[in-house]
Each structure stands twice: as structure tokens, then as C-alpha cells.
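Descriptive analysis of the structure
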2 protein chains.
Amino acid sequence: MVSIKDIAKKAGVSISTVSYALNGSDKVTDETSSKILAAAKELNYVPNAAARSLKKRESKIIGAFLTDFKGDVYGELLGGMKEVCNAQGYDLIVCSGKQSHRMLPEKMIDGAIILDQTFTSEELVRYADRNSKIVVLDRELGHPNINQVLLDNKAGATLATEYLVDKGYKKIYVVTGPDGSFDSMQRMKAVKLVADRNEDMEWIEIAGDFMKSGGERAADQIRREYTQPVGVFCLNDEMAIGLCDRLSDTELQIGKHVHLIGFDNIELARYMQPRLATIDYSKRKWGALAAEQLLKIIAGDKVENERIYVSLVDGDSVTRSAHSHTHE
Amino acid sequence: MVSIKDIAKKAGVSISTVSYALNGSDKVTDETSSKILAAAKELNYVPNAAARSLKKRESKIIGAFLTDFKGDVYGELLGGMKEVCNAQGYDLIVCSGKQSHRMLPEKMIDGAIILDQTFTSEELVRYADRNSKIVVLDRELGHPNINQVLLDNKAGATLATEYLVDKGYKKIYVVTGPDGSFDSMQRMKAVKLVADRNEDMEWIEIAGDFMKSGGERAADQIRREYTQPVGVFCLNDEMAIGLCDRLSDTELQIGKHVHLIGFDNIELARYMQPRLATIDYSKRKWGALAAEQLLKIIAGDKVENERIYVSLVDGDSVTRSAHSHTHE
DNA sequence: TTGTAGGCGTTATCAG
DNA sequence: CTGATAACGCCTACAA
């Protein structure tokens, strides 16, 4: 490995002069500086990240932590983060799995963006206490070193539920996320509020998992209990697609017997037959905002918690109930 | 930041003893060791990654470099890599973009898995010359520090092309990847070989880009030139889907007028109407094998270049030509 | 403008 | 078994 010491020797100066020259300090003559740069190039010098991090106590790297690498949501999200990070001279790395958590306390990264339920809140707070900078996308956490950028789950779930109600469905199944999912709980809360406002609405909760399998199990239950057209709100699109899959070779048709809406607007949603109604939001913006907030915290700036707004996407997976009274 | 020096002070021993105890050396009494461990825990000690990397000249981190974070192929691929890495005590980080290339020469990571055309081969060889360990998934490169794990593109493209021929199509469009794509070139080569073996097969190359837009442009051209049912081989599924999208509101129907096969078997393929015929391979295995090879190189073991096998997936996007002679 | 020297946190060598 | 001590590569007062 070639170090600044080697450059110093070759250029006939001291290592500190090399360091100054390499870092573009004006404390060095242009002449010696260019001599040093030339030597560095010739020797194929590459600075050592570990040494620099050790001394400067920063790595200029941000870590994004995800539950897994699958999932259609992540592509745009990470793209948004990277764009912001790079613009400010930071690199973004993506990590998954418990084992990689260590990178945060060990200061391998300057900060973390968390979208990973396997990261417990206690763990995050513990790191934040020791001065790690964190932005969470999947929970609420009050701590000076932690900021949160959350989806407007309440608005989204309200839109979705009211959509089903407006289309004339009184009986509505809601397929939840896994236990402990913040998004799931928030969305459920909004569903309940809508139900409270609509006296004649009956709703049934089905425990899901945000994966296809949850939608499949829900499909089985709905089919067993089926008597008349119903509304179904899957708390994410992936479960909605699992539900469609399972129902596809039965007598129950989506958009006719089962009126389905999801959440996330993943790419697949628009390829479903019929097109899946769902809740949309800008994944890129979400990621970008999260990164912005994190970099601000790192810079020591004050930040406010931010929210990502959502909108409803129509789809023929929900059609108007034949029995509904049209009020217009 | 609490360092081993602090622990040493608290436990009343020297820093070297602390280091030994922390690393589980048997050169320390169980008694002092447990005293040290207790002190470490009490002080919330976390080792500093930069310091350790600097001294040990390894980070126990592997980097996967992708063109972008989108793309359905990556989820499983990265999952396979991570599994292998973790099992051997390595962490996996995912990087994208030119800026992050520096992590390799700067020794922030112990090795890299490359699936990213924006990494030039010269750059990779330069790093390999300086002792970086690399596995490439998207090119061929002869270098002692570089190994390659490639798809069996030839077999896949041959299967796909012959599938169209067997179904009775004489005129076959082939939509390529972007210029310089290794996969695209390999697949094209195989197409040409099949064409050479089938005298009456006519094939037309359309320049694509492995993105939806390429498929859309191809659709336009095919539609302009359409006279009778044709076969189309999109060199990846994403372009095939772009092509379907663009054709969906025209008079040309997939599986009737345009007989389409893709490559990759992404999740969306099985949701297309009709189901997209394509070439499948285990993305998880691909990633796992790449990681295995890389860790072997790092360990100094000899490795052979490996290949990932492929298979054909039937789909109604290709049906038998009405004019074809059935030979059975 | 350049050089000297100390230190970041860790590991590892070599004496005690 | 334990303790000094010297690196690892880089940065940065401070001194010259």
C-alpha cells in the first residue's frame, strides 16, 4: 500500500506538506504542490478510508437499513436518498440484517435511515444516546438525534376506506400488516375512525403480514364467509396481489364480488387485471426528504418532523355496488 | 467516545490486556477477563471500526455494486449474497453510482461484486492490480484477483430463439440491450447461431436499452412493419413489458399477432396477460455463488469461473403459428 | 512555506 | 499471564 509517506519520499518533502497539498491547502507553493500531486499520481496513491475516518471521526457515508432487499418500494426510495446524499458529498450504502447494525455504533457510517422493524426502538435510542444520527421512516421516536419522516398513513387509510364506503360497501374486510408494524397500526386507527363515522359500516379485521401469503390467507377466509359483494382494504399492495392470486381460480371475481384496494401503488398494481385501486405517494421524495433531514442533523441544524402526502389511485378492482343508493 | 483505554483505566489493567480479553484470547485469566468485560459493558464500549480496519487491514465487509437500486432482479440476488457473506462473518453493503467506487481502492471493503456497466473494465483491472478482490457478473475479465460468475446467456438465448422458431415463426425481431452490454452481446451471438442453422429464418435487430422505453420503441417499429404474425425476442423482460404496454391499445395482440419471449423471468412476467414466456434462472443462486467465489479469492483459495444455468418458461405470449407445419 | 511531532483506537510484538 | 510500546495512515497544531 502506498501512503503519503511514500509520496513524501518521492517528492522530497515531509508528509505534512504532502497532506496539505493533497487536501488543497493554500499553505503550499503551487510548485511543490504540483510536484507532490505528480508523485501521487505516479505512485497510484489512494487515500486510506480507515485512517481518514479514524482521524477525522467521520466517514462521509450514510447507511440505509432495510428489512430485506426485495420489495418494489425500495428502488425509488433509495434513488431519492442517493441523489441527496451525493449532492452533498456523501455516499449511500444499503444494509440489511441484524448483523450489519454494528456499522452505526462503530461509526463506520455517519448516520442511518431506518426502514426496518427488526431494528428495535430501544436499540436505536441507545445508539442515539451515544450520538449516532438517525432518521426513522417506520416509527415515532422522540430524541434529539432522531428525526422521523413518515407517510401520511392516516390520510391514506381514510381515503381508501371511504372509497369503499362511497362505492356502496357496508361490509369491509381490512387485512393488516404484521404485529408491531407502525404503518399497519396507524392505518388501522384511521379505518376505525371512518367506521365510527359510518354507523352502518361493518368491518372485519384479518391479521396479515404485508406479504403475499397474508393476502392469500385473507382470500381463503373471505371466500368461506362470502354471501354478497364486499369491500376489502389490504394495508399494502403486496397482500392485495396475493389475495388476487388466490381468488383468481375461484368463482369470486375482483371488482365484481370482491372490491379491493391496496396501499403503496407498487409497479405491479397497474398490471393487475383489473387494475388495483390503491394509495399512492412519491417514494423518491420520501427517500430524498429522509436523506435531507439526516444530513441536517449531522450538520447540527434543527429539523422538524416531516410528512409525506398521499393520494388515491382509481382502479377497476373496485366498482360501484349494484345495491348502493346513488345520492346525486 | 469510550475506548479500550477507558476500560483499562476502569478495570485497573493495561490496554493490551483489555484488547486480549475483548478478543477472547486465552492468554488472560478468566477472572481479569470477566472484570474487563464487565467494565466494557458498563461503559457501553463499542469498538471503533476505522481503528480496527486500519490496523488489521480488513473490514469484513463486501460491497455489491449495482447500476441502480431499481430492478426486480436485485432482491433475490442480493439475498443470496448476503446469506453467504453473513455465514462467513462478513457484512454486505450495496452501493450504486460512480461516486461510491472509491470504497474499493480505499479499502473500505474487502472485496466487490460488480453488476454495473458504469464500472469500466479498465478501472476494475486497475484496482485488481493493486490487490482489490473482485467478482464480476457482467463481463469477462482475465486477472488473478478477478473471477466471473456469468449467466449461461448462450443457452438462454438459444432456447428462446428456437422456441419461436419451433412455434412456426420465420420472421423474428430481436430487441437488444444497450451498447456495450455483455449480456446483450452474448445473447445476440446465440441468436445469430440459431439463425445460421435455420436457413428460412429471417431476423431483424432492433436496438434497445434493457428498459421499458426500448420495448416501447420496438413496438412502434414492429407495428409499422406488420404484415403477418411475427416472433419477438426481447433480450430482457422489462423491454418485453414495455412492448406489451405500448401494443395494448393497438390492434396487435400479444400471443396472436406478436409472439413474445423475454429473458429474466421477473416477477411481473407471470402477471402479464397473457403470461410472458421467458428465460428463468435462480437469482439467489447467482448471488450466492458470486459471494462464495469472492470470499474464496479473499481467503487466497483458487477458484474456477462459474456459470449459472437457465431454463425456459412457457407462456401464452407465444402460441403456435396457424401456418406452421406440425411435424408430429 | 515547510517540517516536527503527537495522537485518533486498535492490534501485536516482545519483555517481564 | 500481563504490561509497555510500536505501528497502521492520516491530519493538524505548533515550531522553524
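Residues numbered from 1 in each chain as written. Chains lettered and ligands numbered in written order. Predicted model: local features only at pLDDT ≥ 70, side-chain atom pairs only at ≥ 80, totals over all residues. Heavy atoms only, no water.

Per an unreviewed UniProt entry, chain A carries the name Transcriptional regulator, LacI family and comes from Paenibacillus aquistagni.

**Description of the protein's contact with DNA strand D**
Selection criterion: Think of it this way: one heavy atom of a residue within 4 Å of a molecule or strand is enough to make that residue near it. Polar contacts, as counted here, are pairs of nitrogen or oxygen atoms within 3.5 Å of one another; within protein the pair requires one atom able to donate a hydrogen and one able to accept it, and residues that are adjacent in sequence qualify only if both atoms are side-chain atoms. Every helix listed is a DSSP run of H or I at least four residues long, and every strand listed is a run of E at least two residues long, numbered separately from the N terminus. Three residue categories are used. Nonpolar comprises Ala, Val, Leu, Ile, Met, Phe, Trp, Tyr, Cys and Pro, charged comprises Asp, Glu, Lys and Arg, and polar comprises the others, including Gly.
Taken together, 28 residues sit near DNA strand D, with Ile 4 and Tyr 45 of chain A together with Thr 17, Thr 29 and Arg 57 of chain B positioned nearest. A breakdown of the atoms of DNA strand D within 4 Å of the protein gives sugar and phosphate a share of 62%. Here a base nitrogen of DNA strand D and a side-chain polar atom of Ser 16 of chain B are 3.0 Å apart. With respect to DNA strand D, the side chain of Lys 55 of chain B contributes an N or O atom lying 3.0 Å from a base nitrogen. Only helix H2 (15–22) and helix H4 (49–56) of chain A together with helix H2 (15–22) and helix H4 (49–56) of chain B provide two or more residues apiece to the surface near DNA strand D. Classifying every residue of the surface near DNA strand D gives 12 nonpolar, 10 polar and six charged.

**Here's the deal with the relation of the copies chain B and chain A**
How we decide: The copies were overlaid with a least-squares fit restricted to C-alpha atoms from residues scoring a pLDDT of at least 70 in each copy. Residue contacts are defined here by distance: any two heavy atoms, one from each residue, within 4.5 Å place the two residues in contact.
Of the transformation placing chain B onto chain A, the axial shift is 0.0 Å and the rotation is 180°, giving an RMSD of 0.1 Å. Within this description, the copies of the chain are treated as partners about a two-fold rotation axis. Interface residue correspondence from chain B to chain A reaches 100%, placing this contact among same-surface, isologous pairings.

**A short note on the packing of helix H1 (residues 4–11) of chain B against H2 of chain B**
Residues and elements named next belong to chain B. Short version of the rule: Here an axis means a line fitted to C-alpha atoms, over the contact stretch when the element is a helix, while the angle between two N-to-C directions is reported on a 0 to 180 degree scale. In this scheme, roughly parallel covers angles under 35 degrees and roughly antiparallel covers those over 145, while 65 to 115 is roughly perpendicular and the rest are oblique.
Contact geometry of H1 with H2 gives a least axis separation of 8 Å together with a crossing angle of 105°. Taken together, H1 and H2 sit at an angle that is classed as roughly perpendicular. Touching Ile 4, Lys 5, Ile 7 and Ala 8 of H1 are Ile 15, Val 18 and Leu 22, all from H2.

**Some words on the nonpolar core**
Defined as follows: Only buried residues count toward a nonpolar core, which is a set of Ala, Val, Leu, Ile, Met, Phe, Trp, Tyr and Cys residues joined through side-chain atoms within 4.5 Å. Here's how the labels work: a residue is buried when its accessible area is under 20% of the maximum for its type, exposed when over 50%, partly exposed in between, all with a 1.4 Å probe on protein chains only.
Val 232 and Leu 243 of chain A together with Val 232, Phe 233 and Leu 243 of chain B are the most contacted members of the largest nonpolar core, which has 158 residues in total. Discounting chain neighbours no more than four positions away, the residues touching Leu 243 of chain B are Gly 215, Glu 216, Ala 218, Ala 219, Ile 222, Val 232, Cys 234, Ile 254, Val 258 and Leu 260 of chain B. Ranked by size, the runner-up nonpolar core spans 38 residues in total, among them Val 136 of chain A together with Ala 49, Cys 95 and Ala 128 of chain B.

**Things to note about the interface of chain B and chain A**
Threshold: Buried area is calculated as the accessible area (1.4 Å probe) missing from two parts once they are joined, with the contributions of both summed. Between Lys or Arg on one side and Asp or Glu on the other, a salt bridge is scored when a side-chain nitrogen of the former is within 4 Å of a carboxyl oxygen of the latter.
With 51 residues of chain B in contact, the opposing surface of chain A contributes 51 residues. Of the roughly 4200 Å² buried between chain B and chain A on both sides combined, carbon and sulfur atoms contribute 58%. In terms of surface lost to chain A, no three residues of chain B exceed Phe 69, Glu 106 and Tyr 271 of chain B, which account for 15% of the buried area on that side. Inspection of the region where chain B meets chain A yields 10 salt bridges. Two residues, Lys 212 of chain B and Glu 267 of chain A, come together in a salt bridge whose shortest N-O distance is 2.2 Å. Secondary-structure elements contributing two or more residues to the side of chain B that touches chain A are H4, helix H5 (73–87), strand S2 (91–96) and helix H10 (237–247) of chain B. Classifying every residue of the side of chain B that touches chain A gives 22 nonpolar, 13 polar and 16 charged.

**A few points about unusual backbone geometry**
Going from Gln 273 of chain A to Pro 274 of chain A, the amide bond is cis rather than trans, its omega being -5°. Non-glycine residue Arg 57 of chain B carries a positive phi angle of around 60°. Checked against the element boundaries, Arg 57 of chain B lands in the loop between H4 and strand S1 (61–66). For Arg 57 of chain B, a relative accessible area of 60% corresponds to the exposed category.

**A short note on the sheet that holds strand S6 (residues 171–175) of chain B**
All names here are of chain B. Just so we agree on the cut-off: When DSSP locates at least two bridges between a pair of strands, those strands are taken to pair.
Taken in spatial order, the four strands of this open sheet run S7-S6-S8-S9, and their pairing is parallel. Looking at the sheet topology across the chains shown, the edges are occupied by strand S7 (202–206) and strand S9 (258–261). When strand polarity is set aside, the average angle formed by the axes of neighbouring strands in this sheet is 20°. Relative to S7, S6 runs parallel, the two sharing five bridges. Looking at S7, one finds that Tyr 173 is bridged to Ile 204. Across the sheet, helix H9 (residues 212–225) touches S6, S7, strand S8 (230–234) and S9, and the angle it forms with S6 is around 155°. Each of S6, S8 and S9 touches H10; the most contacted strand, S9, lies at about 155° to it.

**Description of the protein's contact with DNA strand C**
Surrounding DNA strand C, one finds 29 residues, the nearest of these being Thr 17, Thr 29 and Arg 57 of chain A together with Tyr 20 and Tyr 45 of chain B. Sugar plus phosphate: this is where 59% of the atoms of DNA strand C within 4 Å of the protein reside. Between DNA strand C and Thr 32 of chain A there is a distance of 2.8 Å, counted from a phosphate oxygen to a side-chain nitrogen or oxygen. At 3.3 Å from a base oxygen of DNA strand C is found a side-chain nitrogen or oxygen belonging to Lys 55 of chain B.

**Thoughts on the pairing of strand S3 (residues 111–115) of chain A**
Residue and element names in this part refer to chain A. Condition: The crossover handedness rule: strands pointing away from the viewer, path from first strand over the helix to second strand clockwise, crossover right-handed.
Of all five residues making up S3, five are buried, and the element is well covered by its neighbours. Neither face of S3 is open: one carries Gly 111, Ile 113 and Leu 115, the other Ala 112 and Ile 114, and all of them are buried. Where strand S1 (residues 61–66) and S3 come together, five bridges link them in parallel fashion. Within the sheet, the bridge partner assigned to Leu 66 lies in S3 and is Leu 115. Bridge count between S3 and strand S4 (residues 134–136): three bridges; the pairing is parallel. Within S4, the residue paired with Ile 114 across the bridge is Val 136. In this fold, S3 hands off to helix H6 (residues 121–129), which returns the chain to S4; that crossover is right-handed.

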